[in-house]
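Each chain is listed here by its residues.
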Amino acid sequence: MREFTYSRAEDQAAAIGAMSNGARAIAGGTNLLDLMKIQVEVPQALVDISRVAGLDKVEPQDGGVRIGALVTNADLAADPKIRALYPVLSRAILAGASGQIRNKATTGGNLLQRTRCPYFYDTSMACNKREAGTGCSAQGGVGRMLAIFGTSEDCMAAHPSDMAVAMRVLEAQIEVTGEDGARLVAMDEFYTLPGDRPDVETVLKPGEMITAVVLPAPVKGSVQAYRKVRDRASYAFALVSVAAVITLENGKIAQASLAFGGVGVRPWKNATVDGMLVGQEPSDALFAKVAEALCRDANPHPETEFKLPLLKRSLMAVLREAAGLAPASAGTDKTRTAA
Ligand SMILES: Cc1cc2nc3c(=O)[nH]c(=O)nc-3n(C[C@H](O)[C@H](O)[C@H](O)COP(=O)(O)OP(=O)(O)OC[C@H]3O[C@@H](n4cnc5c(N)ncnc54)[C@H](O)[C@@H]3O)c2cc1C
Ligand code: SF4
């Protein structure tokens, strides 16, 4: 490990001051420390933000909730407001990592965790995300965890976070704070596409930290579901995941929001596909058409072609369950929000 300085911030101003001077924030450390140990990340200065006051609460705000950046994944998943009103978020978090990791991992850190592309972790291999302009070893290489949506010639690494997929389906906003104050960034705009700069992953400016995530009021009476397909039943990242918030009225779909994990360079959403569901009666024919439309934009690597049928089948299963055409099966957690 390379040498670095360490300081601890007790408040937001101190954290932002240190970050503006080039220090990297460390919260739970469950991703950053792993990367430092293998020198994928080599920060010269760390600022420990884990004791910054006031960022560890889930509070009601404007009919929705405000989740502090330091709320742990375990506390967020167990929070009674989240379980009752945003069950898709609770389910997605519990589908990720392990109990021990969720006890340390934080909301801000989870959103900013790095990809699991195997070449990103191997410092002997070229990787544009680790070091801009060096090349992409995944082109022509191996990698069944890679993305199929939003990829570029320079990077096709999938975003790894389960929580971020649920936050995207819930149309969350990220509160970021810097020396000039706080601003809200819609989840849809927070993560950038890789293009020719895969090392730039978000719209965060130097010195800005995530201070909270704001969820809008939940859609009343919606069914929320999260299905994650992975190599093991637990403790594994998603090959494909589907998050859904669906509302039925008088036998028709009145509202639909879908988001996907394991397949996109960022938590993936396709507004056209959501729109295809609205106003329609649920049916297998409709769901098959929606799954086909979703996959039309895919650009699979030879090793990720298997994700297309897996994604189609996962989406159809989630939609059938959410619409009441099939009983909930193993693998999907489905909950109706309080009406
Ligand atoms: C074995 C294992 C299995 C896992 N499985 C899954 C899984 O299935 N699904 C899943 O979603 N995740 C999984 N994870 C990832 C885990 O969820 C993340 O490591 C964790 O959420 C990161 O949070 P942290 O607080 O520890 O972040 P840290 O490691 O402290 O930080 C991560 C990054 O975020 C930055 N950062 C942290 N907080 C802030 C902030 N407030 N503002 C600005 N920058 C900040 C840091 O500088 C760093 O770059 C797994 C991890 C491990 C080790
Ligand atoms: S896919 Fe992205 S993260 Fe993986 S080797 Fe290529 S540039 Fe690096």
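This text follows the structure it describes.
Keep in mind that this is a model prediction, so the values were computed, not measured.

A.B. asks: Sorry if this is basic, but what is going on with the sheet that holds strand S3 (residues 45-48) here?
C.D. replies: Strand pairs in the sheet, formed through backbone hydrogen bonds, run parallel or antiparallel to each other. Spatially, the three strands line up as an open sheet ordered S1-S3-S2, and their pairing is parallel. Whereas interior strands pair on both sides, the edge strands pair on one side only; in this sheet they are strand S1 (5-8) and strand S2 (24-26). When strand polarity is set aside, the average angle formed by the axes of neighbouring strands in this sheet is 30°.

A.B. asks: I'm lost on the side chain of glutamate 41 in this one. Help?
C.D. replies: Note on placement: glutamate 41 falls in the loop between helix H2 (32-37) and S3. Only 2.9 Å separates the side chain of glutamate 41 from the side chain of arginine 24, close enough to count as a polar contact. A distance of 3.1 Å separates the side chain of glutamate 41 from the side chain of arginine 114, its partner in a polar contact. Residues in contact with glutamate 41, not counting those within four places in the same chain, are Arg24, Leu32, Leu35, Met36 and Arg114.

A.B. asks: Could you clarify how one ought to interpret the site of ligand 2 in this entry?
C.D. replies: In the vicinity of ligand 2 there are 13 residues, among which Cys117, Cys127, Cys136, Asp154 and Cys155 approach most closely. Applying the majority rule of atoms within 2 Å of the grid points places ligand 2 in the second largest cavity. Of the residues assigned to the shell around ligand 2, the class counts are nine nonpolar, two polar and two charged.

A.B. asks: Looking at this model, I keep getting lost on the sheet that holds strand S6 (residues 173-178). Mind explaining?
C.D. replies: Here we have five strands laid out as an open sheet, ordered S4-S5-S8-S6-S7, and antiparallel in their pairing. Each edge of the open sheet carries a strand with a single partner, namely strand S4 (58-61) and strand S7 (181-186). In this sheet, adjacent strand axes meet at a mean angle of 25° when their direction is disregarded. Pairing analysis gives five bridges linking S6 to strand S8 (residues 209-215), with the strands arranged antiparallel. Looking across to S8, one finds that threonine 177 is bridged to methionine 209.

A.B. asks: Got a minute to help me understand the pairing of S7 in this structure?
C.D. replies: A regular strand carries its side chains on alternate faces of the sheet. Note that S6 and S7 share six bridges and pair antiparallel. Note on S7: the bridge partner recorded for glutamine 173 is alanine 186. Two successive antiparallel strands, S6 and S7, enclose a turn made up of two residues.

Scoring rules and cut-offs
Residues numbered from 1 in each chain as written. Chains lettered and ligands numbered in written order. Predicted model: local features only at pLDDT ≥ 70, side-chain atom pairs only at ≥ 80, totals over all residues. Heavy atoms only, no water. Pairing = 2+ DSSP bridges. Helix = DSSP H or I, 4+ residues; strand = E, 2+ residues; numbered from the N terminus. Axes fitted to C-alpha atoms, helices over the stretch in contact; angles between N-to-C directions. Polar contact = N/O pair within 3.5 Å; in protein donor to acceptor, adjacent residues only side chain to side chain. Contact = heavy atoms within 4.5 Å. Near = heavy atom within 4 Å. 1 Å grid on protein atoms, 1.4 Å probe; cavity = no way out; pocket = protein on both sides within 12 Å on 5 of 7 lines; lining within 4 Å. Sits in = over half its atoms within 2 Å of the grid points. Nonpolar A, V, L, I, M, F, W, Y, C, P; charged D, E, K, R; others polar.

Note that all results are geometric; they support no functional claim without further evidence.
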